[in-house]
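Notes for the structure review
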Amino acid sequence: MTSGVPAIRFEDVWKVYRMGKIEFPALRGVTLSIESGDFVAIVGPSGSGKSTLLHIAGALDKPTRGRVLIDGIDVSVLNDAELSRLRNRTIGFVFQAYNLIPRLTAKQNVELPLMLRGVPPGEREELAAKMLELVGLSSKLNNKPTELSGGEQQRVAIARAVVTNPKILLCDEPTGNLDSKSAEDVMNVIKDINKRYGSTVVVVTHNMEIAESARRVIRLKDGMVYEGA
Ligand SMILES: Nc1ncnc2c1ncn2[C@@H]1O[C@H](COP(=O)(O)OP(=O)(O)O)[C@@H](O)[C@H]1O
Ligand SMILES: [Mg+2]
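What you are looking at is a predicted structure, and each value in this text was computed from that prediction instead of being measured.

Calculation criteria
- Residues numbered from 1 in each chain as written.
- Chains lettered and ligands numbered in written order.
- Predicted model: local features only at pLDDT ≥ 70, side-chain atom pairs only at ≥ 80, totals over all residues.
- Heavy atoms only, no water.
- Helix = DSSP H or I, 4+ residues; strand = E, 2+ residues; numbered from the N terminus.
- Buried < 20%, exposed > 50% of the residue type's maximum accessible area, 1.4 Å probe, protein only.
- Contact = heavy atoms within 4.5 Å.
- Areas by Shrake-Rupley, 256 points an atom, 1.4 Å probe, with all protein chains shown as cover.
- Lys, Arg positive; Asp, Glu negative; His and termini not counted.
- Charge placed at Lys NZ, Arg CZ, Asp CG, Glu CD.
- UniProt positions renumbered as here; feature names shortened; annotations may be inferred.
- Pairing = 2+ DSSP bridges.
- Axes fitted to C-alpha atoms, helices over the stretch in contact; angles between N-to-C directions.
- Parallel < 35°, antiparallel > 145°, perpendicular 65-115°, else oblique.
- Left-handed = near helix turned anticlockwise from the far one by under 90°.
- Nonpolar A, V, L, I, M, F, W, Y, C, P; charged D, E, K, R; others polar.
- Phe/Tyr/Trp six-rings, centres within 6.5 Å; stacked < 30°, edge-to-face > 60°.
- Salt bridge = Lys/Arg side-chain N within 4 Å of Asp/Glu carboxyl O.
- Near = heavy atom within 4 Å.
- Polar contact = N/O pair within 3.5 Å; in protein donor to acceptor, adjacent residues only side chain to side chain.

1. Things to note about the overall build of the chain
Along the chain, the regular secondary structure elements total 7 helices and 10 strands. For the chain, the residues scored as buried account for 49% of the 229 residues in total. Put simply, 71% of the contacts in the chain that link residues at least 6 apart link residues at least 24 apart. When the accessible surface of the chain is totalled, it reaches about 11,100 Å², and 49% of it is carbon and sulfur. Measuring between centres, the 30 positive side-chain charges of the chain sit 3 Å from its 27 negative side-chain charges.

2. Looking at the UniProt feature "domain: ABC transporter" (unreviewed entry) in the chain
Sites flagged by UniProt as "domain: ABC transporter" (unreviewed entry) map to residues 8–229. A distance of 12 Å separates the end C-alpha atoms of residues 8–229, which is 36% helix and 28% strand.

3. What to know about the sheet that holds strand 6 (residues 91–94)
What the 6 strands build is an open sheet, ordered 6-7-8-3-9-10; its pairing is mixed. Edge positions in the sheet fall to strand 6 and strand 10 (224–227), since each has one partner strand and no second. Taken over all neighbouring pairs, the strand axes of this sheet differ in orientation by 25° on average, direction set aside. By the bridge criterion, 4 bridges tie strand 3 (residues 39–43) to strand 9 (residues 216–221) in an arrangement that is parallel. Within strand 9, the residue paired with V43 across the bridge is R219. Together, strand 6 and strand 7 (168–172) form the strand contacts of helix 2 (residues 80–90), whose direction differs from that of strand 6 by roughly 75°.

4. So, the packing of helix 3 (residues 106–116) against helix 5 (residues 150–162)
With their axes 7 Å apart at the nearest point, helix 3 and helix 5 run at an angle of 25° to one another. As summarised for this structure, helix 3 and helix 5 are arranged roughly parallel, according to the angle between their axes. Helix 5 is crossed by helix 3, and the crossing has right-handed handedness. Where helix 3 abuts helix 5, its residues A106, N109, V110 and P113 lie against V156, A159 and R160. Broken down by class, the residue content of the contact of helix 3 with helix 5 amounts to 5 nonpolar, 1 polar and 1 charged.

5. Some points on the environment of N143
Positionally, N143 belongs in the loop between helix 4 (121–134) and helix 5. Each C-alpha atom, one on N143 and one on K107, is 8.2 Å from the other, the two residues being 36 residues apart in sequence. For N143, the contacting residues outside a window of four places in its chain are T105, A106 and L148.

6. Quick notes on the packing of aromatic side chains
A full pass over the atoms with the stated rule returns 1 aromatic pair. Taking the centre distance of 4.9 Å and the plane angle of 10° together, the rings of F93 and F95 count as stacked. Under the relative-accessibility criterion, F93 is labelled buried at 14%.

7. Quick look at the pattern of salt bridges
Counting across every chain of the model gives 13 salt bridges. With its nearest N and O atoms 2.7 Å apart, the salt bridge here joins D185 to K181. Placement of the pair is D185 and K181 together in helix 6 (residues 180–197), with a separation of 4 residues, close to one helical turn. Each of R9, E11, R67 and D74 takes part in one network of salt bridges that share partners.

8. Points about the pairing of strand 1 (residues 8–19)
Consecutive residues of a regular strand have side chains that alternate between opposite faces of the sheet. Here 10 bridges tie strand 1 to strand 2 (residues 22–34), and the two strands are oriented antiparallel to one another. Note on strand 2: the bridge partner recorded for V16 is P25. The turn linking strand 1 back onto strand 2 is made up of 2 residues, and G20 within it adopts a positive phi angle of 65°. Taken together, the 5 bridges between strand 1 and strand 4 (residues 65–70) define a ladder with antiparallel strand orientation.

9. Considerations on the site of ligand 1
As a structural note, the neighbourhood of ligand 1 is formed by Y17, M19, F24, A26, P45, S46, G47, S48, G49, K50, S51 and T52. At a separation of 2.6 Å, an oxygen atom of ligand 1 approaches a polar side-chain atom of T52. Those elements that place two or more of their residues in the shell around ligand 1 are strand 1, strand 2 and helix 1 (50–57). For the shell around ligand 1, the element with the most residues is helix 1, which contributes 3 residues. Considering only residue class, the shell around ligand 1 consists of 5 nonpolar, 6 polar and 1 charged.

The structure is reproduced here in structure tokens:
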């Protein structure tokens, strides 16, 4: 919000998947900028390239062609160690299928990314508990994922994604598996994080209510942005 450097910038980004002799262009020349602190929804029909775009924006995947800048840094110049560091420090990811570790409690799941960073146990527990409180789960710290509803599991996943205080939070259909009440709870948590921490938030969604509550909507079709870039 202050520096003027976009949180995410795509310049003529292509992603071509190859399956044997067949090539499929999932992204076809996407150019866009997402400003730091913004709240952006990405919408489009199934197969339009939304997940591909989000994975590339989170440096989980590389474009076939074009340039991607995250926080002003051209990710193509980074080596694997630098890429993992970027993913661990700058980006939080939330997926449709919560991806929690079943044998760990809610709190232990949220502690994981802190463990990867070498944060000492006491501090780790404190931060995880604080984050779970923020998403409304202070009474479920010691519950395992199977003891939580879908909406609660997703809120744990969000707490895990943001406990490291990432500048960018990327969510791929975070409410896709949820009933409308849980979807609303999850979205309120995501909005709160955007406001409270000034995190840049990008949410891929089919839910038009969610899309309308974003500050900006980018529409994808057949791997191209046709509105909102
Ligand atoms: N790993 C892959 N290999 C081959 N094709 C893929 C792969 N991932 C996605 N695709 C294809 O790319 C297109 C875009 O996929 P995706 O980004 O998942 O779309 P969306 O998230 O909008 O549904 C789809 O046609 C999909 O089948
Ligand atoms: Mg998808």
